[in-house]
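# Reading the structure
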Amino acid sequence: GENVEQHPSTLSVQEGDSAVIKCTYSDSASNYFPWYKQELGKGPQLIIDIRSNVGEKKDQRIAVTLNKTAKHFSLHITETQPEDSAVYFCAASETSYDKVIFGPGTSLSVIP
Amino acid sequence: DTGVSQDPRHKITKRGQNVTFRCDPISEHNRLYWYRQTLGQGPEFLTYFQNEAQLEKSRLLSDRFSAERPKGSFSTLEIQRTEQGDSAMYLCASSLVGGPRYEQYFGPGTRLTVT
């Protein structure tokens, strides 16, 4: 089955700096790669996603890249703000409707 | 759109007791998922429904676990003879297959503590 690895497990950045989280997956059948943000006491919330036929996608301060050959994908957050502090999960799935396999998470702290 | 709701939000039970959780998906969402999340880990898939049909179950869903979605709307997850290892956050999500927004929307979860 699919296995998603993620690093770093914790990340601390100064406000205004960039944050990068990297993930790998194992199953070539995966074609959908969502990223979730989870705040304390809440369920995960989708912040951006990318499909296998796209190499890069950007939404304001957030960008994701995908290298399907190497089975790597990454999240980039620019101009970080204190409200970006949360746990971020990368994930993989065959389609957006199928079960999602999550990575172990990255706890991001943005220091004002 | 009131979001996915789960009840209760917290449950403390003694080992060996049965517990039942409820999930109300976003109205008209036809797919409903259950995940389990332990402290410091990512959510793990348990099972999902398309309308009232249970389409897939994870190996994590032992015989003590049963999930239903009797009318294709709300769903229940029951754990029989709870064990301390069942302590976790149980998350429900829903999505609309064929709709304009395909993402899975997660509820706030039910935190189970087995003493």
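For the structure itself, consult the block above.
Residues numbered from 1 in each chain as written. Chains lettered and ligands numbered in written order. Predicted model: local features only at pLDDT ≥ 70, side-chain atom pairs only at ≥ 80, totals over all residues. Heavy atoms only, no water.

## Remarks on the side chain of T13 of chain B
All names here are of chain B. Examined against the element boundaries, T13 turns out to sit in strand β2 (residues 10–13). For T13, a relative accessible area of 8% puts it in the buried group. Among residues more than four places away in sequence, those in contact with T13 are V19, T82, L112, T113, V114 and T115. (Helix = DSSP H or I, 4+ residues; strand = E, 2+ residues; numbered from the N terminus. Buried < 20%, exposed > 50% of the residue type's maximum accessible area, 1.4 Å probe, protein only. Contact = heavy atoms within 4.5 Å.)

## Some thoughts on the pairing of strand β11 (residues 110–114) of chain B
Residues and elements named next belong to chain B. Residues T110, L112 and V114 of β11 are buried on one face, while the alternating residues R111 and T113, pointing to the opposite face, are not. Bridging between β2 and β11 involves 4 bridges; their strand directions are parallel. If you follow H10 over to β11, its bridge partner there is R111. By the bridge criterion, 3 bridges tie strand β9 (residues 88–95) to β11 in an arrangement that is antiparallel. Residue pairing in the sheet places Y90 in a bridge with T110 of β11. (Pairing = 2+ DSSP bridges.)

## Description of the nonpolar core
With 23 residues, the main nonpolar core has W35, F73, L75 and L108 of chain A as its most contacted residues. If you list the elements that add at least two residues to this core, you get β2 (10–14), β3 (19–25), β4 (32–38), β5 (45–51), β7 (62–67), β8 (72–77), β9 (86–92) and β11 (106–111) of chain A. Leave out the neighbours within four places in its chain, and F73 of chain A touches V4, I21, K22, C23, T24, Y25, F33, W35, T65, L66, C90 and A91 of chain A. In this structure, I26, L61, I79 and V114 of chain B belong to the second largest nonpolar core, which totals 19 residues. (Core = buried A, V, L, I, M, F, W, Y, C linked by side-chain atoms within 4.5 Å.)

## Things to note about the sheet that holds strand β3 (residues 19–24) of chain B
Residues and elements named next belong to chain B. Pairing within the open sheet is antiparallel, and its 4 strands lie in the order β1-β3-β8-β7. Both edges of this open sheet fall to β1 (5–7) and β7 (65–68), since each of them pairs with a single strand only. Averaged over all adjacent pairs, the angle separating strand axes in this sheet is 15°, with direction ignored. Inspection of the sheet shows β7 paired to strand β8 (residues 75–79) by 4 bridges, in the antiparallel sense. In the sheet register, S66 faces β8, and the bridge partner there is E78. (Axes fitted to C-alpha atoms, helices over the stretch in contact; angles between N-to-C directions.)

## A look at the layout of surface pockets
If you add up the space inside the largest pocket, you get close to 660 Å³. Around the largest pocket sit 26 residues that line it, and G1, E2, K99 and I101 of chain A together with F45 of chain B are the ones nearest its centre. Going through the elements one at a time, β10 (101–102) of chain A together with β5 (44–50) and β6 (53–57) of chain B are the ones with two or more residues in the lining of the largest pocket. Residue composition of the lining of the largest pocket, grouped by class: 9 nonpolar, 8 polar and 9 charged. (1 Å grid on protein atoms, 1.4 Å probe; cavity = no way out; pocket = protein on both sides within 12 Å on 5 of 7 lines; lining within 4 Å. Points joined across faces, edges and corners; volume = space filled by probe spheres on them. Nonpolar A, V, L, I, M, F, W, Y, C, P; charged D, E, K, R; others polar.)

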